[in-house]
Every structure is written in C-alpha cells, then in structure tokens.
Amino acid sequence: AQTVTQSQPEMSVQEAETVTLSCTYDTSENNYYLFWYKQPPSRQMILVIRQEAYKQQNATENRFSVNFQKAAKSFSLKISDSQLGDTAMYFCAFMKRAGNMLTFGGGTRLMVKP
Amino acid sequence: NAGVTQTPKFQVLKTGQSMTLQCAQDMNHNSMYWYRQDPGMGLRLIYYSASEGTTDKGEVPNGYNVSRLNKREFSLRLESAAPSQTSVYFCASSDLPFLGGDYGYTFGSGTRLTVV
C-alpha cells in the first residue's frame with residue numbers, strides 16, 4: 001500500500017513571495033504519478049500540477065513547479081510570486097502507473113497574506 | 001457545463017437514519033469514485049467502480065454501499081448513519097486506467113454531511 005505524508009499542516013506566505021510545500025511518499029512501485037491538488041474555500045478540487053515518475057525533468061506550470069526526488073521519495077511544490085488567490089488547502093496525491101485510484105496526503109493549509 | 005454533479009450539497013442526518021448521495025457525470029468516463037474528506041486525513045477512497053456493472057472497496061468501505069446504476073451514475077448509500085460518518089463526500093470520475101493520454105480526475109463539488 002502507498003502512503004503520502006504532508007508534514008506541514010499550515011503555512012503562510014506574504015503576497016509576491018515564494019513558498020514551498022513538502023510531500024513525501026512511500027511505495028514499492030517504480031512507475032507512478034504524483035499530483036498536487038488545490039482546494040479553495042469553494043471545496044472544488046483543482047489539479048495544479050502532475051509529475052510522471054519516469055521523467056527526470058521537474059514539471060512546471062506557470063508559477064507552480066515541483067522538486068521531484070525519486071530516490072528520496074520526495075515531491076515538493078514551489079509557488080512563486082504568491083497571490084491572494086493561492087490561499088487554499090493543497091493536497092499531494094499518488095497514483096500507480098496502471099492504476100486509477102488516488103492516495104492523498106493529509107493536506108497543507110496555505111494562507112497568502114497581503 | 002460538462003462535469004460531475006453531486007446532490008445534495010448539504011445534509012444533516014440523525015443517527016440511525018439512512019440516505020443516498022447521488023452522483024452523475026456527463027464526460028463519458030468509465031471509472032467513478034467516492035471519497036470522504038476529514039480534517040488532517042486528506043481524501044480517502046470509500047468505493048470505486050472501474051466500469052459499469054463493477055464496484056470495489058476502497059480504503060474505508062465500512063458502513064457504506066454503492067450502486068453503479070449506469071455509466072453516468074454512481075450512488076453512495078449510508079444504511080444507518082453514525083456520527084463517525086460526518087464528513088465531506090466527493091464523487092469523481094476519470095477515464096482510467098489508461099496507458100497514456102489525459103489521466104486527470106474530475107471531481108464533484110462535494111456534499112457536507114453531518115450526523116447528529
């Protein structure tokens with residue numbers, strides 16, 4: 001079974017600054033996918049970024065980027081130029097390569113302060 | 001708009017009552033899921049259905065039953081609600097499992113259930 005751990009229950013950052021959210025996972029699989037989801041107060045689950053484990057290059061989506069360290073089983077999310085709209089819960093999630101079920105971490109609540 | 005629709009959005013039940021959460025998707029996805037979200041625990045899979053006519057248990061199935069009525073609809077039933085089932089419930093759909101291509105989930109907007 002897979003486990004996903006987010007060790008930072010809450011974080012805050014000043015608007016326009018950079019923040020990094022941590023995620024570690026445990027699996028015996030070699031091929032898998034990792035995701036970061038954003039959940040604003042509206043409760044909607046929004047996919048922020050995804051990473052294929054077989055790719056060494058870190059994924060980037062505009063102001064969002066990841067630091068994927070496969071050997072260390074670490075998958076952190078960096079948010080650059082933080083905006084007030086980034087205030088939300090962020091969930092790290094894991095999926096096996098040929099699977100269809102997501103395993104989520106406990107979440108990090110991010111507050112962006114003006 | 002295409003997506004996943006859950007009803008109701010809010011519900012309060014008394015202990016021992018039963019209810020069914022409804023979910024429908026219009027994305028022609030094969031797989032559908034029910035997750036529950038609790039503080040500090042993220043989302044945990046209750047049941048899923050990889051295709052019409054099949055259902056399988058997830059991580060926390062006790063106290064729940066599901067029905068995959070057709071390709072579009074996947075319902076979650078609480079036969080005898082307990083306070084421990086107070087949670088936010090999410091339905092989702094996907095075109096997984098896959099061997100490539102888009103593999104994102106589409107989530108519904110959630111149902112906040114309180115059992116008193």
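Structure first, text after, so check above.
The rules we used
Residues numbered from 1 in each chain as written. Chains lettered and ligands numbered in written order. Predicted model: local features only at pLDDT ≥ 70, side-chain atom pairs only at ≥ 80, totals over all residues. Heavy atoms only, no water. Helix = DSSP H or I, 4+ residues; strand = E, 2+ residues; numbered from the N terminus. Buried < 20%, exposed > 50% of the residue type's maximum accessible area, 1.4 Å probe, protein only. Contact = heavy atoms within 4.5 Å. Polar contact = N/O pair within 3.5 Å; in protein donor to acceptor, adjacent residues only side chain to side chain. Pairing = 2+ DSSP bridges. Axes fitted to C-alpha atoms, helices over the stretch in contact; angles between N-to-C directions. Core = buried A, V, L, I, M, F, W, Y, C linked by side-chain atoms within 4.5 Å. Disulfide = S-S within 2.5 Å.

K.L.:
Break down the environment of A:Tyr25 for me, with residues and values.
P.N.:
Residues and elements named next belong to chain A. By secondary structure assignment, the location of tyrosine 25 is in strand S4 (residues 24-26). Tyrosine 25 gets classed as buried once you look at its relative accessible area, which sits at 5%. The residues contacting tyrosine 25, other than those within four sequence positions of it, are Thr3, Val4, Tyr32, Leu34, Phe68, Gln69, Lys70, Lys73, Ser74, Phe75 and Phe94. Side-chain polar atoms of tyrosine 25 contact the side chain of tyrosine 32, separated by 2.7 Å.

K.L.:
Kindly report on the sheet that holds strand S8 (residues 74-78) of chain B, identifying the contributing residues and their values.
P.N.:
Residues and elements named next belong to chain B. The antiparallel open sheet is built from four strands, whose spatial order is S1-S3-S8-S7. With partners counted over all chains shown, the strands left at the sheet margins are strand S1 (4-7) and strand S7 (64-68), one partner each. Direction aside, neighbouring strands of the sheet carry axes that sit 15° apart on average.

K.L.:
Now, about the nonpolar core: what can you tell me, with residues and values included?
P.N.:
Within the largest apolar cluster, 25 residues are counted, with the highest numbers of intra-cluster contacts made by A:Tyr25, A:Trp36, A:Phe75, A:Leu77 and A:Tyr90. Looking at this core, the elements with two or more residues in it are strand S3 (19-21), strand S5 (32-39), strand S6 (46-52), strand S8 (64-69), strand S9 (74-79), strand S10 (88-96) and strand S12 (108-113) of chain A. Of all the elements, S10(A) adds the most residues to this core, at four residues. Apart from residues no more than four positions distant in its own chain, A:Phe75 is found in contact with A:Cys23, A:Tyr25, A:Leu34, A:Phe35, A:Trp36, A:Gln51, A:Val66, A:Asn67, A:Phe68 and A:Cys92. Formed by 21 residues, the second largest nonpolar core is a distinct cluster that contains A:Tyr33, B:Leu43, B:Ala92 and B:Phe107.

K.L.:
Can you lay out the state of the cysteines for me, pointing to particular residues and giving the numbers?
P.N.:
Under the counting rule described, the total for this entry stands at two disulfides over all chains. Two residues share a disulfide in this structure: A:Cys23 and A:Cys92, whose sulfurs sit 2.0 Å from each other. Residues A:Cys23 and A:Cys92 are joined by a disulfide whose S-S torsion is about -70°; by sign, that bridge is left-handed. Taken together, the residues span a long stretch of sequence, with A:Cys23 in the loop between S3 and S4 and A:Cys92 in strand S10 at a distance of 69 residues. Residue A:Cys23 is classed as buried on the basis of its relative accessible area of 2%. By relative accessible area, which is 1% here, A:Cys92 ends up buried. Covalent S-S linkage joins B:Cys23 and B:Cys91, the inter-sulfur distance amounting to 1.8 Å. Torsion about the S-S bond of the B:Cys23 and B:Cys91 cystine: about -75°, corresponding to left-handed handedness. One end of the pair, B:Cys23, is in strand S3 (residues 19-25); the other, B:Cys91, is in strand S9 (residues 87-94), with 68 residues separating them in the sequence. Residue B:Cys23 is classed as buried on the basis of its relative accessible area, which comes to 3%.

The values are spatial; any link to function lies outside them.
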